[in-house]
Amino acid sequence: MTRLGETAVLEVEDLCVELSIGGRWVRALNNVSLSVRPGEALGLVGESGSGKSLTALAVAGLLPENARVVAGSIRLKGEAVLGRSEAELNRLRGRALAFIFQNPTSYLNPLLTVGVQIAEVFEVSPELLASEDGGRLRGGERRKLAWRRVVEHLRLVHIPDPERVARQYPFELSGGMQQRVVIAMALIRRPSLVIADEITTALDVTVQAQILRLLAELRASIGMTLLLITHDMGIVAQLADRVAVMYSGSVVETSDVASLFAAARHPYAKALLEAVPRIDGNETTLRAIPGAIPAITNPPPGCRFHLRCPRVFGPCAGTVPPAVALGEQHSVACHLYRDGPA
Ligand SMILES: Nc1ncnc2c1ncn2[C@@H]1O[C@H](COP(=O)(O)OP(=O)(O)OP(=O)(O)O)[C@@H](O)[C@H]1O
Ligand SMILES: [Mg+2]
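Residues numbered from 1 in each chain as written. Chains lettered and ligands numbered in written order. Predicted model: local features only at pLDDT ≥ 70, side-chain atom pairs only at ≥ 80, totals over all residues. Heavy atoms only, no water.

With that settled, the discussion passes to the packing of aromatic side chains. Throughout the structure, instances matching the rule amount to 6 aromatic pairs. With a centroid separation of 6.3 Å and an interplanar angle of 20°, the aromatic rings of Tyr169 and Phe171 are classed as stacked. In this structure Tyr169 comes out as partly exposed when scored by relative accessible area, which is 32%. Look at Phe171 and you get exposed, because its relative accessible area is 67%. Ring pairs connect the aromatic residues Phe99, Phe101 and Tyr107, which therefore count as one cluster. (Phe/Tyr/Trp six-rings, centres within 6.5 Å; stacked < 30°, edge-to-face > 60°. Buried < 20%, exposed > 50% of the residue type's maximum accessible area, 1.4 Å probe, protein only.)

And the structure:
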């Protein structure tokens, strides 16, 4: 599905972000680099607090008030995100990006029916209908066309009886249906990149599986390009082509999914994979990673994983390991590999 050589939809290079916490600036993201090519799904995975959401918010130009970018670059469809005015950012976001968050209720207006709020996208961006109406339709005819597009999109995300659901209010729908509505709304602009931040975490397991199947299908049917944020390696295995593993504000390993699952190199990536619940006969085993992710206000020196690392040795406590390329699609930031593939 990935077309090598094409311009990346998203390119993040050496991104460093600081947060103001308790009156001082602390480093939250360290030299984060990643890229997503057209049609690809990149899984961004790591424990809670590893910096996944901050990375995504930086990409969308939506960092919190107390954050500042201190180094690096972000390009969306080749255009720089950093250093833009709010108006320019809005335009770029509108064309290039859709962001889907964990909790659909906070992004749906409880006072409007589902159909009316999706149709609002066409009020804000009338050009989205222009390809069909040639800019000729007015008033009622235009509204009818917009409504048809809304129903089509509800159908695209497999909402049963979309004509009826379009006339319902969000509170009348289950969490899974609400998340489908949010996905439909996100797709109506045909964004170049969809960022999905833990979008199934709040759903029960069966609904989660349905939404994951839907995302996989949308990748195939409309060529959706995805930055998929999750703490769950199982979701990465199911949906992503490549994966970037984050730990304490840094990307520690980047790989195609098959190679990572076959032979993860970074001890943290290995540990994460071992923490995936497995069904062995009748037994479900879960090997948690001992210890906790360090507080960003007081990180250890050197490799931030070294205090939890089973392979810790000489340089780990003193020097931050640089990313080393192990192959065209594979890199790892760990002293074990500083001389190349081990
Ligand atoms: N606005 C903020 N002010 C202070 N600290 C913050 C802020 N936003 C994030 N952080 C801290 O920055 C670190 C990275 O947060 P981030 O939300 O990116 O983690 P995450 O990987 O998305 O975790 P989760 O899986 O829990 O969503 C965490 O230590 C978090 O507490
Ligand atoms: Mg998060």
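We are not done yet, so read on.
Looking now at the nonpolar core. Of all hydrophobic cores here, the largest spans 42 residues; its most connected members are Ile118, Leu154, Val181, Ile183 and Leu226. Apart from the residues lying within four places of it in its own chain, the contact partners of Leu226 are Val36, Glu40, Ala41, Leu42, Leu193, Val194, Ala196, Arg219 and Leu239. Core analysis: the second largest hydrophobic core is formed by 36 residues, Leu19, Val36, Val59 and Leu97 among them. (Core = buried A, V, L, I, M, F, W, Y, C linked by side-chain atoms within 4.5 Å. Contact = heavy atoms within 4.5 Å.)

Contacts to ligand 1 come from 14 residues, most closely from Ser48, Gly49, Lys52, Ser53 and Leu54. Contact between ligand 1 and Ser50: an oxygen atom at 3.2 Å from a main-chain N or O atom of the residue. Here an oxygen atom of ligand 1 and a backbone polar atom of Gly51 are 3.0 Å apart. Here ligand 1 loses 66% of its free accessible area of 640 Å² to cover by the protein chains. Elements that contribute at least two residues to the shell around ligand 1 include exactly strand 1 (10-21) and helix 1 (52-59). If one sorts the elements of the shell around ligand 1 by residue count, helix 1 sits on top with 3 residues. Considering only residue class, the shell around ligand 1 consists of 5 nonpolar, 6 polar and 3 charged. (Near = heavy atom within 4 Å. Polar contact = N/O pair within 3.5 Å; in protein donor to acceptor, adjacent residues only side chain to side chain. Areas by Shrake-Rupley, 256 points an atom, 1.4 Å probe, with all protein chains shown as cover. Helix = DSSP H or I, 4+ residues; strand = E, 2+ residues; numbered from the N terminus. Nonpolar A, V, L, I, M, F, W, Y, C, P; charged D, E, K, R; others polar.)

Below, the discussion takes up the environment of Leu29. Considering the arrangement of structural elements, one finds Leu29 in strand 2 (residues 24-36). Overall, the relative accessible area of 0% leaves Leu29 in the buried class. Between the alpha carbons of Leu29 and Ala264 there is a distance of 22 Å; along the sequence they are 235 residues apart. In this view, Leu29 contacts Leu15, Cys16, Val17, Gly51, Leu54, Thr55, Met246 and Gly249; residues no more than four positions away in its chain are not counted.

A word on the pairing of strand 13 (residues 324-327). Where strand 13 lies against strand 14 (residues 330-332), 3 bridges are found, and the strand directions are antiparallel. When the sheet's bridge partners are listed, Gly327 is paired in strand 14 with His330. Hairpin connection, strand 13 to strand 14: the antiparallel pair is bridged by 2 residues. (Pairing = 2+ DSSP bridges.)

On to the pairing of strand 9 (residues 242-247). For strand 9, the tally of buried residues reaches 6 of 6 residues, placing the bulk of the element in the interior. In terms of strand pairing, strand 3 (residues 41-45) meets strand 9 through 4 bridges, oriented parallel. The residue bridging Leu44 from the neighbouring strand is Ala244, located in strand 9. With 6 bridges connecting them, strand 9 and strand 10 (residues 250-256) associate as antiparallel partners. Bridge pairing in strand 10 places Met246 opposite Val251. The hairpin formed by strand 9 and strand 10 contains 2 residues between the paired strands, and Ser248 there has a positive phi angle of roughly 50°.

Another point: the sheet that holds strand 14. Judged by pairing direction, the sheet is mixed, and its 8 strands sit side by side in the order 6-7-8-3-9-10-14-13 without closing on themselves. Since the sheet does not close on itself, it has two edges, and those belong to strand 6 (97-100) and strand 13, each with one partner. In this sheet, adjacent strand axes meet at a mean angle of 20° when their direction is disregarded. Two strands pair when backbone bridges link them, and strand 7 (residues 193-197) and strand 8 (residues 226-230) are joined in this way by 4 bridges, in the parallel orientation. The partner of Ala196 across the bridge, within strand 8, is Leu228. Packed on one face of the sheet, helix 2 (residues 86-96) meets strand 6 and strand 7 and runs near 80° to strand 6. (Axes fitted to C-alpha atoms, helices over the stretch in contact; angles between N-to-C directions.)

Pairing is antiparallel across the open sheet formed by 4 strands, whose spatial order is 2-1-4-5. Each having just a single partner strand, strand 2 and strand 5 (79-80) make up the two edges of the open sheet. In terms of strand pairing, strand 4 (residues 67-76) meets strand 5 through 2 bridges, oriented antiparallel. The residue of strand 5 that forms the bridge with Arg75 is Ala80. Against the sheet, helix 1 makes contact with strand 1, strand 2 and strand 4, and its axis sits at roughly 75° relative to strand 2, the strand it touches most.

That's the geometry; what it means functionally is another story.
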